[in-house]
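Here are the chains, one letter per residue:
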Amino acid sequence: MRELILLRHAHAEPAAQGQADLDRPLSAEGLAEAEAAGRWLAQNKLVPDCVLCSPSRRTRETLEAVLGAVGYVEQRIEPSIYEATPGTLIGLADTHLEAERLMLVGHNPGLERLAALLYSGQSGDYRGMPPAGIAVLTVPAGTGLEPGIAQLSQFWWP
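A quick note: this is a predicted structure, and the numbers were derived from the prediction, not measured.

Cut-offs applied
Residues numbered from 1 in each chain as written. Predicted model: local features only at pLDDT ≥ 70, side-chain atom pairs only at ≥ 80, totals over all residues. Heavy atoms only, no water. Axes fitted to C-alpha atoms, helices over the stretch in contact; angles between N-to-C directions. Helix = DSSP H or I, 4+ residues; strand = E, 2+ residues; numbered from the N terminus. Parallel < 35°, antiparallel > 145°, perpendicular 65-115°, else oblique. Contact = heavy atoms within 4.5 Å. Nonpolar A, V, L, I, M, F, W, Y, C, P; charged D, E, K, R; others polar. Core = buried A, V, L, I, M, F, W, Y, C linked by side-chain atoms within 4.5 Å. Buried < 20%, exposed > 50% of the residue type's maximum accessible area, 1.4 Å probe, protein only. Pairing = 2+ DSSP bridges. Right-handed = clockwise from strand over helix to strand, strands pointing away.

(A) Fine view of the packing of helix H3 (residues 86-94) against helix H4 (residues 110-120). Orientation of H3 relative to H4, taken along the N-to-C sense of each, is 75°, at an axis distance of 8 Å. One way to sum up the angle between H3 and H4 is to call them roughly perpendicular. The segment H3 lies against H4, with Pro-86, Leu-89 and Ile-90 engaging Gly-110, Leu-111, Arg-113, Leu-114, Leu-117 and Leu-118. Split into classes, the residues belonging to the contact of H3 with H4 amount to seven nonpolar, one polar and one charged.

The structure is reproduced here in structure tokens:
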């Protein structure tokens, strides 16, 4: 079995006038949430082998805070995660089948719909994923991702 960890970015500041959505930083509350997410991952021994992160500032800051708790891991900024559909996220994750524990750091609705699709087989079957929420999905080793293939082994939020 292998694990796919989905981490939604923590709370971000609203966009300032003229500020691009990609450039929104974490709020003070969001930084505390991200640090708590990192502690939870470390305490549960869920340190990823590889992390793929959206290029947005809030996702990068969330990841930075998480890495402060779990330590350095292989990571890559992946532009396709920003505004990604579940299909895009599956395609991206499937390019990393060798990772026993892959983490995607991104946004809703893509992450919550991906979790629902992999677990229940229906992307519209989601229940929500709060800021800094973590879904841990277990999938058979060596197989590609497809609807209904995963078990939701853990779900956490601050």
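(B) Layout of the nonpolar core. Counting 25 residues, the largest nonpolar core has Leu-4, Leu-6, Leu-102, Leu-104, Leu-118 and Leu-145 as its most contacted members. Listing elements by their share of this core, those giving two or more residues are strand E1 (2-8), strand E2 (50-53), H3, strand E4 (101-106), H4 and strand E5 (134-139). The biggest single contributor to this core is H4, with five residues. Apart from the residues within four sequence positions on either side, Leu-118 is in contact with Leu-4, Ile-90, Leu-137, Leu-145, Glu-146, Pro-147, Gly-148, Ile-149 and Ala-150. The next biggest cluster of nonpolar side chains, apart from the first, holds 19 residues, and it includes Ala-36, Cys-53, Val-73 and Ile-134.

(C) Main features of the side chain of Ser-56. Mapped onto the elements, Ser-56 comes out in the loop between E2 and helix H2 (57-70). Judged by its relative accessible area of 0%, Ser-56 falls in the buried class. Those residues within four positions of Ser-56 in sequence are excluded, and the remaining contacts are Leu-22, Tyr-82 and His-107.

(D) Structural context of H4. For H4, the buried fraction is high: eight of the eleven residues fall into the buried class. Buried within H4 are the following residues: Gly-110, Leu-111, Glu-112, Leu-114, Ala-115, Ala-116, Leu-117 and Leu-118. Of the surrounding secondary structure, the elements contacted by the buried residues of H4 are E1, H3, E4 and E5. Gly-121 sits one or two residues past H4 and shows a positive phi near 90°.

(E) Layout of the pairing of strand E3 (residues 74-77). Two strands pair when backbone bridges link them, and E2 and E3 are joined in this way by four bridges, in the parallel orientation. What sits directly across from Cys-50, in E3, is Glu-74. You can see the chain leave E2, run along H2 and come back into E3, and the turn it takes is right-handed.

This is a description of form; function is not addressed.
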